[in-house]
Amino acid sequence: MVIKLQGQLEANRPFTLLAWGHWFTLANFILALVVSYFYINANPAPQSFSGWFYLLISWLGHFAFLSLSCFILTIFPVITLFPTKRFIRGVSALMASILQLYLFLDVLAFRGLGYHLSTSSIDQLSEVEDVYVASLGNGYWVLLLAMFIFILIYQFFVSNFTWKRIQQLQGFRYKNVLANGLFACFILSHLMHIWADATLHTDISKQDALFPGSYPLTAKTLLARHGLIDLNEYNATKSQQTSLNLNSF
């Protein structure tokens with residue numbers, strides 16, 4: 001009986017680790033929302049209800065998508081190749097810390113320089129460093145170190161907390177509702193952007209570059225093909241709006 005029970009535990013370990021990985025990813029999604037608030041804080045507030053609604057669902061949907069992508073690209077392969085709980089939890093906490101620190105650096109770049117970091121350009125990090133060292137001095141390095149330590153502590157705490165309570169978490173009755181809600185936010189935000197781009201709703205379209213790695217969908221050609229919009233009129237109106245925006249400066 002003991003041998004059979006031990007065998008069952010070993011067989012179920014990868015599935016338990018995957019379940020843990022999902023909850024660990026959710027905890028990092030929450031942390032990413034906190035850090036990414038400072039993108040929103042640095043940008044002009046929307047002027048309409050639709051602008052605020054789009055901001056909310058794109059914020060939730062986009063970072064849910066980024067968190068899931070990071071899980072699939074980092075934690076999932078490690079769980080598949082090395083299904084050992086101590087190794088998985090330690091490596092996952094370290095990888096998540098590095099990714100969250102990169103998000104924090106991107107926030108600094110966006111607030112200080114007005115653009116997001118490119119994964120292919122190390123030079124941008126030195127530009128961020130120049131801006132903040134000029135204003136904070138050595139305090140910039142203290143800030144980065146303190147932030148990394150905080151993130152690392154958070155990761156190990158969450159890693160341990162979710163593993164010890166994995167059975168209770170898996171019993172949470174609304175977990176599918178939560179996952180479906182975040183997926184709906186992601187899809188709806190892209191549908192709203194298609195509509196906003198086609199109708200030149202600037203309160204939504206101006207948020208295109210607010211979050212890192214954001215590529216909202218457009219469908220002007222498809223809509224024009226079905227006679228839903230006139231591309232000539234669309235381009236003329238867009239040019240007029242651009243001229244008004246330039247004149248306002």
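The rules behind these values
In every chain, residue numbers begin from 1 and rise along the written sequence. Two thresholds apply to this predicted model, a pLDDT of at least 70 for residue-level local features and 80 or more for giving and counting side-chain atom pairs, whereas whole-chain, interface and lining totals are computed over all residues. Values reported for side chains reflect all heavy atoms of the structure, with hydrogen atoms and water molecules removed beforehand. Patch criteria: residues need more than 30% relative accessible area and no salt bridge. Like-charged residues are merged within 9 Å; nonpolar side chains of Val, Leu, Ile, Met, Phe, Trp and Tyr are merged within 5 Å. For the area figures, the Shrake-Rupley method with a 1.4 Å probe applies, and any residue is considered shielded solely by the protein chains shown. In the sections that follow, a salt bridge refers to a side-chain nitrogen of Lys or Arg positioned within 4 Å of a carboxyl oxygen of Asp or Glu. Helix and strand definitions here come from DSSP, where helices need a minimum of 4 consecutive H or I residues and strands a minimum of 2 consecutive E residues; each element is numbered from the N-terminal end. Detection works on a 1 Å grid of protein atoms alone, calling trapped sets that fit a 1.4 Å probe cavities and calling open sets with protein on both sides within 12 Å along at least five of seven lines pockets, with lining residues defined by an atom within 4 Å of a point. Grid points are joined across faces, edges and corners, and a volume is the space filled by probe spheres set on the points. Residue polarity follows a fixed list, in which Ala, Val, Leu, Ile, Met, Phe, Trp, Tyr, Cys and Pro are nonpolar, Asp, Glu, Lys and Arg are charged, and the others, Gly among them, are polar. Residue exposure (1.4 Å probe, protein chains only): buried if accessible area is under 20% of the type maximum, exposed if over 50%, otherwise partly exposed. Identification of polar contacts relies on pairs of N or O atoms within 3.5 Å, with a donor-acceptor requirement for protein atoms, meaning one able to donate a hydrogen and the other able to accept it, and with residues adjacent in sequence counted only if both atoms are side-chain atoms. Take the buried Ala, Val, Leu, Ile, Met, Phe, Trp, Tyr and Cys residues and link them wherever side-chain atoms come within 4.5 Å; each set so joined is a nonpolar core. By definition, residues are in contact when any of their heavy atoms lie within 4.5 Å. Only rings of Phe, Tyr and Trp enter the pairing, Trp through its six-membered ring, and a pair is recorded when the two centres are within 6.5 Å. The plane angle decides the type: under 30 degrees is stacked, over 60 is edge-to-face, the rest tilted.

S.K.: Looking at this structure, how should I read a nonpolar patch on the surface?
M.R.: On the surface, Phe-49, Phe-53, Phe-183, Ile-187, Leu-188 and Leu-191 cluster together into a nonpolar patch covering about 620 Å² of accessible area. Those elements that provide at least two residues to the nonpolar patch are helix H2 (49-81) and helix H7 (175-199). With respect to the helices and strands, Leu-191 occurs in helix H7.

S.K.: Mind showing me how you'd approach the layout of surface pockets here?
M.R.: Taking a probe equal in size to a water molecule and rolling it over the atoms shows the remaining empty space. Considered as a void within the structure, the largest pocket measures approximately 740 Å³ in volume. For the largest pocket, the lining is made up of 30 residues, of which Leu-66, Cys-70, Leu-99, Tyr-102 and Leu-103 are closest to its centre. For the lining of the largest pocket, the element with the highest residue contribution is H2, accounting for ten residues. Each residue belonging to the lining of the largest pocket can be placed in one class, and the counts come to 18 nonpolar, eleven polar and one charged. Each pocket or cavity is described by its volume, and for the second largest pocket that value is around 610 Å³. Considering the residues around the second largest pocket, the lining is formed by 21 residues, among which His-22, Leu-26, Leu-68, Ala-179 and Leu-182 are closest to the centre. When residues of the lining of the second largest pocket are traced back to their parent elements, those giving at least two are helix H1 (2-41), H2 and H7. It is H7 that provides the largest number of residues to the lining of the second largest pocket, a total of eight residues.

S.K.: What exactly am I supposed to notice about the pattern of salt bridges here?
M.R.: Two side chains of opposite charge can pair, provided their charged atoms sit close to one another. Using the criterion set out here, one finds one salt bridge in the structure. Residue Lys-206 pairs with Asp-203 through a salt bridge whose shortest N-O separation is 3.3 Å. A residue is classified by how much of its surface remains accessible, and Lys-206, at 42% relative accessible area, is partly exposed.

S.K.: Looking at this structure, how should I read the side chain of Ser-36?
M.R.: Note that Ser-36 resides in helix H1. Taking relative accessible area as the criterion, Ser-36 reaches 0% and is therefore assigned buried. A polar contact is formed between the side chain of Ser-36 and the side chain of Trp-59, at a distance of 2.8 Å.

S.K.: Whenever I open this one, the nonpolar core confuses me. Can you help?
M.R.: Across soluble globular proteins, nonpolar side chains show a tendency to be buried alongside one another. If you look at the biggest cluster of nonpolar residues, it comprises 29 residues, and the most contacted ones within it are Tyr-39, Phe-63, Leu-108 and Phe-211. Elements with a contribution of two residues or more to this core: H1, H2, helix H3 (85-113), helix H4 (123-136) and helix H5 (139-164). Sort the elements by how many residues they give to this core and H3 lands first, with eight residues. When sequence neighbours within four positions are dropped, the list of residues in contact with Phe-211 reads Ser-36, Tyr-39, Ile-40, Leu-55, Ser-58, Trp-59, His-62, Phe-63 and His-116. In terms of nonpolar packing, the next biggest core, distinct from the first, is built from 16 residues, Ala-19, Trp-23, Phe-24 and Val-158 among them.

S.K.: Please explain the environment of Thr-199 as it appears in this structure.
M.R.: Here Thr-199 shows up in helix H7. A distance of 2.8 Å separates the side chain of Thr-199 from the backbone oxygen of Trp-195, its partner in a polar contact.

S.K.: How should I be thinking about the packing of aromatic side chains in this particular structure?
M.R.: Any pair of aromatic rings gets described here by the distance separating the centres and the angle formed by the planes. Taken as a whole and assessed by the stated rule, the structure comprises 15 aromatic pairs. Taking the centre distance of 5.4 Å and the plane angle of 65° together, the rings of Phe-82 and Phe-87 count as edge-to-face. Under the relative-accessibility criterion, Phe-82 is labelled partly exposed at 46%. Judged by relative accessible area, which is 39%, Phe-87 ranks as partly exposed. Three or more aromatic residues link up through ring pairs in this structure, and these residues are Tyr-39, Phe-63, Phe-110 and Phe-211.

All quantities given are derived from atomic positions and should not be read as evidence of function.
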